[in-house]
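# Structural overview for review
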Amino acid sequence: MQLRAWIQTYPNAAAGIDEAWIREHRGPTVTAEGIGQWRVFIEEAGRQLDQLYCRVVRCDDRIVGVLCGRRDEMVTLGPMYLLDEAQGQGIGQRLMDGFLAWAQDTPVRLWVTEYNARAVRFYRHHGFELTGERELWRGRLPNVRMVRDGVSNHRMI
């Protein structure tokens, strides 16, 4: 699911990112080892409810979305992915509502790909603001940092 989400979301000629580049850098997530690491994380999230968060969305027998996070001095959101066919149905809203309830009043931070305008709008809608911090993941994928303060009910409409 994660590789499919990347292929649907991140190709960008200006950034030099195509399906081949994505498969090269994200392909290991679909190996037995990569899938095993995700299973371990999801199991750990089920045992460490105060430190780790992970929700998986299924449609029939397929995974179509995921939202995970972890709590340290701040809460870090990520990854969050919804396949194209799962978008526009309120699933992302429900995932985010559950995640923010888990985060409570702790500030939340995340990285989002700069040219993923739909995701940036979604996070802004939920009270996240750009910080100005940037990174180039693997030297190509331009990400920007967004942060949401810890105030409850800080959702922007």
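A short tour of the structure in this document, coming up. (Residues numbered from 1 in each chain as written. Predicted model: local features only at pLDDT ≥ 70, side-chain atom pairs only at ≥ 80, totals over all residues. Heavy atoms only, no water.)

## Section: the overall build of the chain
Across its full length, the chain carries five helices and six strands. Listed by position from the N terminus, the elements making up the chain come as α-α-α-β-β-β-α-β-α-β-β. Here the C-alpha radius of gyration of the chain, 15 Å, is about what a compact globule of 157 residues would show, namely 15 Å. Expressed along its principal axes, the backbone C-alpha trace of the chain runs to roughly 40 × 35 × 30 Å. Per-residue burial over the chain gives 41% buried out of 157 residues. Partitioning the intrachain contacts of the chain with sequence separation of at least 6 by distance along the chain shows that 56% fall at a separation of at least 24. On the chain, roughly 8900 Å² of surface is accessible, and the fraction owed to carbon and sulfur atoms is 51%. Once the 21 positive and 20 negative side-chain charges of the chain are each reduced to a mean point, those two points are 2 Å apart. (Helix = DSSP H or I, 4+ residues; strand = E, 2+ residues; numbered from the N terminus. Rg over C-alpha atoms; globule rule 2.2 N^0.38 Å. Buried < 20%, exposed > 50% of the residue type's maximum accessible area, 1.4 Å probe, protein only. Contact = heavy atoms within 4.5 Å. Areas by Shrake-Rupley, 256 points an atom, 1.4 Å probe, with all protein chains shown as cover. Lys, Arg positive; Asp, Glu negative; His and termini not counted. Charge placed at Lys NZ, Arg CZ, Asp CG, Glu CD.)

## What about the packing of helix H1 (residues 2-9) against helix H2 (residues 19-26)?
Where H1 contacts H2, the axes come no closer than 10 Å and their chain directions differ by 150°. Here H2 runs roughly antiparallel to H1, going by the angle between their axes. The two elements H1 and H2 cross, and the hand of that crossing is right-handed. Contact residues: H1 offers Gln2, Leu3, Trp6 and Ile7, while H2 offers Glu19, Ile22, Arg23 and Arg26. A breakdown of the residues in the contact of H1 with H2 according to their chemical character gives four nonpolar, one polar and three charged. (Axes fitted to C-alpha atoms, helices over the stretch in contact; angles between N-to-C directions. Parallel < 35°, antiparallel > 145°, perpendicular 65-115°, else oblique. Left-handed = near helix turned anticlockwise from the far one by under 90°. Nonpolar A, V, L, I, M, F, W, Y, C, P; charged D, E, K, R; others polar.)

## With respect to the state of the cysteines
Under the definition given, this model contains one disulfide. Each sulfur in the disulfide pair Cys54 and Cys68 lies 2.5 Å from the other. In this pair, Cys54 is assigned in strand S1 (residues 52-59) and Cys68 in strand S2 (residues 62-71), connecting sequence segments 14 residues apart. Its sulfur unpaired, Cys59 is 18 Å from the next cysteine sulfur, which belongs to Cys54. (Disulfide = S-S within 2.5 Å.)

## Re helix H4 (residues 91-103)
Between its terminal C-alpha atoms H4 stretches 18 Å, which fits the 18 Å expected from 13 residues at 1.5 Å a residue. Considering only its buried residues, H4 is in contact with S1, S2, strand S3 (75-82), strand S4 (108-113), helix H5 (117-125) and strand S6 (141-148). Immediately beyond the C-terminal end of H4, within one or two residues, lies Gln104, with a positive phi of roughly 55°. (Expected span 1.5 Å × (residues − 1).)

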